[in-house]
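These are the residues of each chain, in order.
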Amino acid sequence: QVQLVESGGGLVQAGGSLRLSCAASGRTFSSYGMGWFREAPGKEREFVAAISGRGGSVHYAESVKGRFTISRDNAKNTVYLQMNSLKPEDTAVYYCAADRGGPFNYALLADYDYWGQGTQVTVSS
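Because the structure is predicted, anything quoted here is derived from the model rather than measured.

K.L.:
Sorry if this is basic, but what is going on with the pattern of salt bridges here?
P.N.:
Once their charged atoms are close, side chains differing in charge can pair, the charge on each being opposite to the other. Here the structure, examined in full by the defined rule, presents six salt bridges. Across the pair Glu46 and Arg38 runs a salt bridge whose closest N-O atoms are separated by 2.7 Å. Among the residues examined, Arg38 registers a relative accessible area of 6% and is labelled buried.

See the structure below:
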């Protein structure tokens, strides 16, 4: 069992930056593919970014490419999402998720086995 706890959300003006963190429990963190998803009011949860277990492969949604950066520190059991040039349309609850193995279908919600409770990001115009 893996527990995920997100932090770092908040209110920021358009053009600003935030860094989200997701701390994971467990001793096999480096074996998990990790993803960030977001859910805006009235919309379905959508893929934002993902990173492979050892960090050698990263993927982004087109809407955040060039503005967001995903990274991980396996020594700290933590994955990060650096968000720059934020826009009002980035407003959502952001969730981190862990995929415990097998083919890493990083953009597919159903592929993830564990989810955090979410952290609110609000971008004002």
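K.L.:
Would you mind going over the pairing of strand β1 (residues 4–7) with me for this structure?
P.N.:
The side chains of a regular strand alternate, first on one face of the sheet and then on the other. The alternating pattern of β1 places Leu4 and Glu6 on a buried face, while none of Val5 and Ser7, on the opposite face, is buried. With four bridges connecting them, β1 and strand β3 (residues 18–24) associate as antiparallel partners. Looking across to β3, one finds that Ser7 is bridged to Ser21.

K.L.:
In this structure, what is going on with the state of the cysteines? I would like to understand it.
P.N.:
Simply put, the disulfide is a covalent bond whose two ends are the sulfur atoms of two cysteines. Inspection of the entire model under this criterion finds one disulfide. Between Cys22 and Cys96 runs a disulfide, and the two sulfur atoms are separated by 1.9 Å. Its S-S torsion of about 45 degrees marks the bond between Cys22 and Cys96 as right-handed, since a negative value means left-handed. Remark: Cys96 occurs in strand β9 (residues 92–99) and Cys22 occurs in strand β3; sequence separation between them is 74 residues.

K.L.:
How do you make sense of the environment of Ala110 when you look at a structure like this?
P.N.:
One can find Ala110 in the loop between β9 and β10 (114–115). For Ala110, a relative accessible area of 72% corresponds to the exposed category. For the pair Ala110 and Asp99, spaced 11 residues apart in sequence, the C-alpha to C-alpha distance is 9.5 Å.

Cut-offs applied
- Residues numbered from 1 in each chain as written.
- Predicted model: local features only at pLDDT ≥ 70, side-chain atom pairs only at ≥ 80, totals over all residues.
- Heavy atoms only, no water.
- Salt bridge = Lys/Arg side-chain N within 4 Å of Asp/Glu carboxyl O.
- Buried < 20%, exposed > 50% of the residue type's maximum accessible area, 1.4 Å probe, protein only.
- Helix = DSSP H or I, 4+ residues; strand = E, 2+ residues; numbered from the N terminus.
- Pairing = 2+ DSSP bridges.
- Disulfide = S-S within 2.5 Å.

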